[in-house]
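Chain residues, written in single-letter form:
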Amino acid sequence: MNTPPSVIDTAITDPVPAALAARLRVVLVGTQHPGNIGAAARALKTMGLGRLVLVAPEDYPADEAFRRAAGADDVLAAAPVVATLAEAVADCHLVMGCTARSRRVQLEEHAPRQAAAVAVGQAEAGGEVALVFGRERTGLTNEELQLCQAAVHIPANPDYSSLNLAAAVQVLTYELRMALLERVQAVPAADAAPDEAPASHAHLEGFYAQLGDTLDAIDFHKGRTPDSAMRKLRRLFHKAALNEQEVRLLRGILADAQRMARLAGGAGG
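Residues numbered from 1 in each chain as written. Predicted model: local features only at pLDDT ≥ 70, side-chain atom pairs only at ≥ 80, totals over all residues. Heavy atoms only, no water.

It is not clear to me how unusual backbone geometry should be interpreted in this structure. Could you clarify?
With glycine set apart, most residues show a phi of negative sign, and most peptide bonds adopt trans. Cis geometry is adopted by the peptide bond preceding P61, which originates at Y60 and carries an omega value of 5°. Here P61 lies in the loop between β2 (52-55) and α4 (63-69). Positive phi, close to 45°, is recorded for A56, a residue that is not glycine. Among the structural elements, A56 can be located in the loop between β2 and α4. Judged by its relative accessible area of 41%, A56 is partly exposed. (Helix = DSSP H or I, 4+ residues; strand = E, 2+ residues; numbered from the N terminus. Buried < 20%, exposed > 50% of the residue type's maximum accessible area, 1.4 Å probe, protein only.)

Structure, rendered in structure tokens:
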């Protein structure tokens, strides 16, 4: 009598390394419809991802979210709810905001496939990565986009570019999965030394705050609004992809500049 194949023999294992996928998160900001939260969770799980972070959702938890999750309840149950985007991405080394092109905040822009390749490359290097999606009606604010290092734009039909939030999440998570699968046979990247690790989002924001204070202390703006200069400086340092050691070096320089500004102020008094 022939022996039927065992469950173990016929089981299919996801080839995507779990540790690599775990460094990729989707962040939903100010989501208005709970059904979109559930559908986004479903989109993640179908693509082998599981990290969802919710920033100030308008109506959550809600039964509709779990109905639309269609079995991805574990993704919803594990999703933290936080008050601000800064909190959601504080430990991230790369933050990309999904947005339309017509924004005052100018960021390096990627198509979904390119963004996924960049994101997975950062994850391979040991970095935490966030893909951020805004509100259904208004998207991300300019202030929230300031917290992103790059923008992702889905090239939809220009005559009908209205894309549902969960559908946009599905597009990006699909591209992430394709990029992850391409890495399955690749040689693992060597772990970066601690000082060479990419600077976290929280460390970069601390640096930008100190940079702003220093520019004020040396009267760099000379009465002009500082917003434009800070936007340009953020773009410059985003392109530089600073590591932790470089951020410490720059903050040391700023600290000395602030000290000299205080001494000069005292001498002038």
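I keep staring at the packing of aromatic side chains and nothing clicks. Help me out?
Within the structure shown, the criterion is met by two aromatic pairs. When the ring of F207 is compared with that of Y208, the centres are 5.5 Å apart and the planes differ by 45°; the resulting orientation is tilted. Side by side, F207 and Y208 carry an identical accessibility label, which is buried. Relative to F237, the ring of F207 lies with its centre 5.0 Å away and its plane at 90°, an arrangement referred to as edge-to-face. Pair noted here: F207 is in helix α10 (residues 201-217) and F237 is in helix α11 (residues 227-240), with a separation of 30 residues, a long-range link. By relative accessible area, which is 2% here, F207 ends up buried. (Phe/Tyr/Trp six-rings, centres within 6.5 Å; stacked < 30°, edge-to-face > 60°.)

Would you mind showing me how to read the nonpolar core here?
Among soluble globular proteins, nonpolar side chains are generally buried collectively. Core analysis: the biggest nonpolar cluster contains 41 residues, and L24, L28, L52, F133 and V169 have the highest contact counts within it. The element that contributes the greatest number of residues to this core is helix α9 (residues 165-183), accounting for seven residues. Non-local contacts of F133, meaning those with residues more than four positions away in its chain, are made with V26, V27, L28, V29, C98, L140, L165, A168, V169 and L172. (Core = buried A, V, L, I, M, F, W, Y, C linked by side-chain atoms within 4.5 Å. Contact = heavy atoms within 4.5 Å.)

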